Amino acid sequence: QVQLVESGGGLVQPGGSLRLSCAASGSAFRLYAMAWYRQAPGKQREFVAKISSISITMYTDAVKGRFTISRDNAKNTLYLQMNNLKPEDTAVYYCNALKSFYDSTDYPSAAWGQGTLVTVSS
C-alpha cells in the first residue's frame, strides 16, 4: 500500500510562495494518478489539483494560474508549487493517490497522511 508524507508548509504573507512535497512509498507510485487536497479550519476537505501518471493536470478554479502540480516518478514524490498565495489558501494540505486520473477525487486510494499546514497571513 502507498504511504504518504506531506511536507513544506509554513507561514507566508499574502502574495508569497511555497512548494509542498508529498513523499510516497511503494514501487507502484508511477502507475497512480496523484492529487492534492486541502482542509481549511472548520471546513470539509476539498480537491485542489491532480496529475496523471504521464503528467496531465487539472486544477480547481480557485487555484488556476497560481498553483502548479508536478511529480518526479524516480523520486516517488509529488509537488505543489503555490504562488501568489491568498489568505483563503490557509489550510492543511494533503496528498493522495488515484488508480486512474479519471477516478473521482472523492475516493482516493491510500490512507491519509498527517498533512502539512499552510498559513497565509500578514
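Residues numbered from 1 in each chain as written. Predicted model: local features only at pLDDT ≥ 70, side-chain atom pairs only at ≥ 80, totals over all residues. Heavy atoms only, no water.

Below, the discussion takes up the state of the cysteines. Enumeration according to the criterion identifies 1 disulfide in this entry. Each sulfur of the disulfide joining cysteine 22 and cysteine 95 lies 1.9 Å from the other. Given an S-S torsion of about 65°, the disulfide between cysteine 22 and cysteine 95 has right-handed geometry. Taken together, the positions of cysteine 22 in strand S3 (residues 18-24) and cysteine 95 in strand S9 (residues 91-98) put the pair 73 residues apart, joining distant regions of the chain. Its relative accessible area of 0% is what places cysteine 22 among the buried residues. (Disulfide = S-S within 2.5 Å. Helix = DSSP H or I, 4+ residues; strand = E, 2+ residues; numbered from the N terminus. Buried < 20%, exposed > 50% of the residue type's maximum accessible area, 1.4 Å probe, protein only.)

With respect to the helices and strands, the residue serine 17 is situated in the loop between strand S2 (10-12) and S3. Within the structure, serine 17 has its side chain in polar contact with the side chain of asparagine 83 (distance 2.9 Å). (Polar contact = N/O pair within 3.5 Å; in protein donor to acceptor, adjacent residues only side chain to side chain.)

Spatially, the 4 strands line up as an open sheet ordered S1-S3-S8-S7, and their pairing is antiparallel. Taken across any chain shown, the strands that pair with only one partner, and hence form the sheet edges, are strand S1 (4-7) and strand S7 (67-72). Ignoring which end each strand starts from, the neighbouring axes of this sheet average 15° apart. The pairing of S3 with strand S8 (residues 77-82) spans 6 bridges and is classified as antiparallel. Note that in S8 the partner of serine 21 across the bridge is tyrosine 79. (Pairing = 2+ DSSP bridges. Axes fitted to C-alpha atoms, helices over the stretch in contact; angles between N-to-C directions.)

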